[in-house]
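The primary structure of each chain is shown beneath.
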Amino acid sequence: MTETAALAERASQHTEHFDVLIVGAGISGVGAAYHLTKQCPGTSFVVLEAQGSFGGTWLTHRYPGTRSDSDLYTFGYRFKPWTSAPIATRAEILEYMGEVIAENGLDRHIRYRHTISSARWSTSEKLWALEGIRTDTGEKVHFTANFLWMCQGYYRHSEGYTPEWSGMEEFQGRIVHPQNWPEDLDYTGKTVVVIGSGATAATLIPAIAPECGHVTMLQRSPTFFRTGRNAIPLADELRQLGIGEAWIHEIVRKKILHEQSVFTSRSFTEPEAVKQELLAAVRAHLGPDYDLATHFTPRYRPWRQRIAFIPDGDFLEAIRAGKASVVTDEIESFTETGILLRSGSVLEADIIITATGFNLNVLGDIDFDIDDKPLVFSDTVTYRGMMFTGVPNMAWVFGYFRASWTLRADLVADFVCRLLNHMKEKGVRQVTPTLRPEDQDMALLPWIDPENFNPGYVMRGMHLLPRRGDKPEWQHTQDYWTEKDQFPAADLEDGSFVYE
Ligand SMILES: Cc1cc2nc3c(=O)[nH]c(=O)nc-3n(C[C@H](O)[C@H](O)[C@H](O)COP(=O)(O)OP(=O)(O)OC[C@H]3O[C@@H](n4cnc5c(N)ncnc54)[C@H](O)[C@@H]3O)c2cc1C
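Every value quoted in this text rests on a predicted model; they were computed, and no experiment measured them. (Residues numbered from 1 in each chain as written. Predicted model: local features only at pLDDT ≥ 70, side-chain atom pairs only at ≥ 80, totals over all residues. Heavy atoms only, no water.)

Chemist: Tell me about a negative patch on the surface, and please be specific about residues and values.
Modeler: On the surface, E164, E169, E170 and E336 cluster together into a negatively charged patch. One can find E336 in the loop between β13 (331–334) and β14 (338–341). (Patch = residues over 30% accessible without salt bridge, like charges linked within 9 Å, V, L, I, M, F, W, Y side chains within 5 Å. Areas by Shrake-Rupley, 256 points an atom, 1.4 Å probe, with all protein chains shown as cover. Salt bridge = Lys/Arg side-chain N within 4 Å of Asp/Glu carboxyl O. Lys, Arg positive; Asp, Glu negative; His and termini not counted. Charge placed at Lys NZ, Arg CZ, Asp CG, Glu CD. Helix = DSSP H or I, 4+ residues; strand = E, 2+ residues; numbered from the N terminus.)

Here you go:
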């Protein structure tokens, strides 16, 4: 649609206007709303969410045992103390987010069941025009906003990723993706195969194993896990001493972040030692005779993929108890009664659960246009992993892989609020990240270096992601330790932003 046609259409329909429009009411969107109210008071804003409630990931994922794989002291917001055990269930996370919404009066800003399908920027109007649909009434909805804050997460919520295997249609049992867990799934006494070896498999298996006949985790290759008690002794001790929760939150965050930083840097400087420590912890649960080399020793160095924490070793204990087992092999085909493996063995199954990951979606499956030209996101260069060259008045939240997502959501929120306040002070209506003359010859690289981090969903979607340069302004570092200092210090007048 041309800009004139868009203007004419808007004149004939009800369009609401806000200073800022936030897409998504997951942990990032709710955090963005909180920070806006505190750091940019008086800004009008709305949060549009496709689902019927808040929570995002924690609403979508309902498979048995859904829980965090990182601690809630750092996955929780900087501003709202976490007061329980570090690894939390989905119900606990939803309750925590619900409190943030209620305590800060954010409810009135959130519109549920609003799926946004297109976003068009007009330079002449200096506005985003968004179109969507109300999924409860089927009604089209229209909004305009000066600034778009994309908190839509990184994967398609409607459907998880299931590879195509030959013979799938012949299988007589049920095939289930954890992201679309059927409420009526009865696994009591059943023989279950879980395909995949990531955090989802390691969470789901101990939750269903007691009821199942047997659960087999079928993996192509092993994954690293960390295990330990689901407790932070320092937090418990401080609580016993009557220290306030705000202090405990701050102290425990600092401690966890320090320990994570040491662990991350050791996994680069002494990967073999780290690997042996991780394997020893697994060995302590599975015993000396277990074939750790085949089933728990990855081919990559620690931290090249996310490392899930297994609280109290529950997944490993299910294996030790004989309720679960691991098979490391490849799928040749599905059969009527199970799975034929490359090795020639057969895994019989009543239910096959495909814990095979996500469909990466970069901007919420929204069609973006800039002045009537479709935005090809992969043609842009990232500004510190939160804005994009040539894309005016838009920020994007993508959290950390190796640390809790929310640490970055909080940092990006501070930056966006600072930028909005800066624009207000300058009296400008448009900000566009733009390569400076000195950046023009900069080498452009893929969004992330596969040598650094390479989970399947990122590798499958790399062609959709923006590129990065070789200077701090144009990188997405995945490093909390540099970003926590660089973001607040980033010079908004260093030429990387064109204001109009
Ligand atoms: C099972 C599971 C466990 C995880 N555990 C951890 C963990 O322990 N620690 C960690 O750091 N990370 C974890 N992650 C990663 C996790 O997804 C993020 O940490 C975080 O929850 C993402 O929050 P978000 O708000 O950015 O996005 P999401 O949670 O994905 O929420 C985005 C929201 O935007 C909405 N939306 C998307 N597109 C549109 C549209 N077009 N219109 C309207 N609304 C839209 C979606 O419906 C959704 O509600 C986990 C992921 C999964 C799947």
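Chemist: Can you break down the packing of helix α7 (residues 233–240) against helix α8 (residues 245–269) residue by residue, with the values?
Modeler: Across the interface, α7 lies against α8 with an axial gap of 10 Å and an inter-helix angle of 160°. On the basis of the axis angle, α7 is roughly antiparallel to α8. Note on packing geometry: the crossing formed by α7 with α8 is right-handed. Mapping the contact onto sequence places L234, A235, L238 and R239 in α7 and E245, I248, I251, V252 and K255 in α8. Here the contact of α7 with α8 is composed, by residue class, of six nonpolar, no polar and three charged. (Axes fitted to C-alpha atoms, helices over the stretch in contact; angles between N-to-C directions. Parallel < 35°, antiparallel > 145°, perpendicular 65-115°, else oblique. Left-handed = near helix turned anticlockwise from the far one by under 90°. Contact = heavy atoms within 4.5 Å. Nonpolar A, V, L, I, M, F, W, Y, C, P; charged D, E, K, R; others polar.)

Chemist: An account of the sheet that holds strand β15 (residues 346–348) is needed here, citing residue identities and associated values.
Modeler: Sheet strands line up and pair through hydrogen bonds in the backbone, either parallel or antiparallel. Taken together, three strands build an open sheet; the order of strands is β13-β14-β15 and the sheet is antiparallel. Only two strands of the sheet have a single partner each, and these edge strands are β13 and β15. Taking each pair of neighbouring strands and ignoring which way they run, the sheet shows an average axis angle of 20°. For β13 and β14, the ladder comprises three bridges, and the chain directions are antiparallel. Considered in β14, the bridge of S333 is made with L340. (Pairing = 2+ DSSP bridges.)

Chemist: Describe helix α6 (residues 199–208), and please don't skip the residues or the numbers.
Modeler: The buried fraction of α6 is high, at seven of 10 residues. Every buried residue of α6 is accounted for by A201, A202, T203, L204, I205, P206 and I208. (Buried < 20%, exposed > 50% of the residue type's maximum accessible area, 1.4 Å probe, protein only.)

Chemist: Would you mind going over the sheet that holds strand β9 (residues 214–219) in detail, with residue names and values included?
Modeler: Overall, parallel pairing links the five strands, which are arranged β7-β16-β8-β9-β12 in an open sheet. With one partner strand each, in any of the chains shown, β7 (174–176) and β12 (324–328) form the two edges of the open sheet. Adjacent strand axes in the sheet meet at a mean angle of 20°, parallel and antiparallel pairs treated alike. Sheet analysis places strand β8 (residues 191–195) next to strand β16 (residues 351–354), joined by four bridges and oriented parallel. The residue of β16 that forms the bridge with V192 is I351. Most of the contacts of α6 go to β9, to which it runs at about 170°, and overall it touches β8, β9, β12 and β16.

Chemist: Residues and numbers for the packing of aromatic side chains, please.
Modeler: Summed over all chains, the structure comprises 39 aromatic pairs. A centroid spacing of 4.7 Å and a plane angle of 15° characterise the contact between Y77 and F79, whose relative ring orientation is stacked. Aromatic pair F497 and Y499: ring centres 6.2 Å apart, planes at 50°, arrangement tilted. In this structure Y499 comes out as buried when scored by relative accessible area, which is 15%. Counting every residue linked through ring pairs, the aromatic cluster contains Y154, Y155, F358, F377, F388, W396, F398, F401, W405 and W447. A cation over an aromatic ring shows up here: R226 above the ring of F263, its NZ or CZ 3.9 Å from the ring centre. (Phe/Tyr/Trp six-rings, centres within 6.5 Å; stacked < 30°, edge-to-face > 60°. Lys NZ or Arg CZ within 6 Å of the ring centre and 35° of its normal.)

Chemist: Hey, could you go over the site of the ligand for me, with residue numbers and the actual values?
Modeler: By nearness alone, 34 residues border the ligand, and S28, E49, D69, S70 and H157 come closest of all. A distance of 2.5 Å separates an oxygen atom of the ligand from a polar atom in the side chain of S28. One of the side-chain N or O atoms of E49 is found 2.7 Å from an oxygen atom in the ligand. Look at the ligand: alone it shows 980 Å² of surface, and the protein chains cover 96% of it. When contributions to the shell around the ligand are tallied by element, the ones reaching two or more residues are α2 (27–39), α3 (57–60) and β4 (114–122). Top element by residues in the shell around the ligand is β4. It accounts for three residues. For the shell around the ligand, the class distribution of residues is 15 nonpolar, 16 polar and three charged. (Near = heavy atom within 4 Å. Polar contact = N/O pair within 3.5 Å; in protein donor to acceptor, adjacent residues only side chain to side chain.)

Chemist: Can you tell me about the nonpolar core, naming the residues and giving the values?
Modeler: If you look at the biggest cluster of nonpolar residues, it comprises 105 residues, and the most contacted ones within it are I22, W128, L148, W149, F368 and W396. Counting residues per element, this core draws most heavily on helix α12 (residues 405–426), at 12 residues. When sequence neighbours within four positions are dropped, the list of residues in contact with W396 reads M150, Q152, V362, L363, F377, G385, M386, F388, V412, W447, L465 and H476. Listed in part, the 34 residues of the second largest apolar core include I205, C212, F315 and I353. (Core = buried A, V, L, I, M, F, W, Y, C linked by side-chain atoms within 4.5 Å.)

Chemist: Could you give an account of a nonpolar patch on the surface, with specific residues and numbers?
Modeler: A surface patch of nonpolar side chains, amounting to about 430 Å² of accessible area, comprises L241, I243, W247 and I251. You can see I251 is positioned in helix α8.

Chemist: Run through the packing of α8 against helix α9 (residues 271–286), naming residues and quoting values.
Modeler: Look at α8 against α9: their axes get within 5 Å of each other, and the N-to-C directions meet at 120°. One way to sum up the angle between α8 and α9 is to call them oblique. Taking contact as the criterion, the partners of F263, R266, S267, F268 and T269 in α8 are, on α9, P271, A273, V274, E277 and L278. Of the residues assigned to the contact of α8 with α9, the class counts are six nonpolar, two polar and two charged.

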